[in-house]
Amino acid sequence: MTGVIPGRHTPLPPTWLCRVDAHPWPCGEAKLALLAKYADDRPPLLTLLAGWKAEAEDHLAQLDSGRPVDVTDRFLTWARPPTD
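Predicted model, so just to flag it, every value in this text is computed and none were measured.

Caption draft 1: Focus on unusual backbone geometry. The amide bond that connects P13 to the next residue, P14, takes the cis arrangement and shows omega of 10 degrees. Note that P14 resides in the loop between β1 (11-12) and β2 (17-18). Residue P26 is bonded to the preceding W25 through a cis peptide linkage, with omega at 5 degrees. Tracing the chain through its elements places P26 in the loop between β2 and α1 (28-37).

So this is what it looks like as C-alpha cells:
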C-alpha cells in the first residue's frame, strides 16, 4: 500500500477492514480524514484511492476463491468532487 493515510483509521489488508472500528475501509472516519487532507486537491486523492481499490479487489478476490470483487463505490464514488 502506497500513500499516507491520515489519522488512526487505517486498513488491515487483506480483509480491508478498519483497524480501529472493523468497518469496511475506508470507514466514515477515514473518509473524513482523507477529504480534509485533500480538500483543495481532489485528483491526488482519487489517484491514491484508485490504487488502493485495485489492491483491495485483488486481496478480496483471493479471499473469495478468486471471484471478482467490485469495490468502486466503497473506494471512489464518495470522493468524487460534487457537481454544481
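Caption draft 2: The arrangement of helix α2 (residues 42-63) in detail. When the terminal C-alpha atoms of α2 are compared, their 31 Å separation across 22 residues agrees well with the 32 Å that a helix rising 1.5 Å per residue should span. Three or more residues of α2 are buried, namely R42, L45, L48, L49, W52, K53, A56, E57, H59, L60 and A61. Those residues of α2 hidden inside the fold are in contact with α1 and α3 (72-75). Looking one or two places after α2, you find S65, whose phi comes out positive at around 55 degrees.

Caption draft 3: A look at the pattern of salt bridges. Using the criterion set out here, one finds one salt bridge in the structure. As a salt-bridge pair, E57 and K53 come within 3.1 Å of each other at their nearest N and O atoms. Here E57 and its partner K53 are both found in helix α2, four residues apart, which amounts to about one turn of the helix. The exposure class of K53 is buried, given its relative accessible area of 15%.

Each value, and the rule that gives it
Residues numbered from 1 in each chain as written. Predicted model: local features only at pLDDT ≥ 70, side-chain atom pairs only at ≥ 80, totals over all residues. Heavy atoms only, no water. Helix = DSSP H or I, 4+ residues; strand = E, 2+ residues; numbered from the N terminus. Expected span 1.5 Å × (residues − 1). Buried < 20%, exposed > 50% of the residue type's maximum accessible area, 1.4 Å probe, protein only. Contact = heavy atoms within 4.5 Å. Salt bridge = Lys/Arg side-chain N within 4 Å of Asp/Glu carboxyl O.

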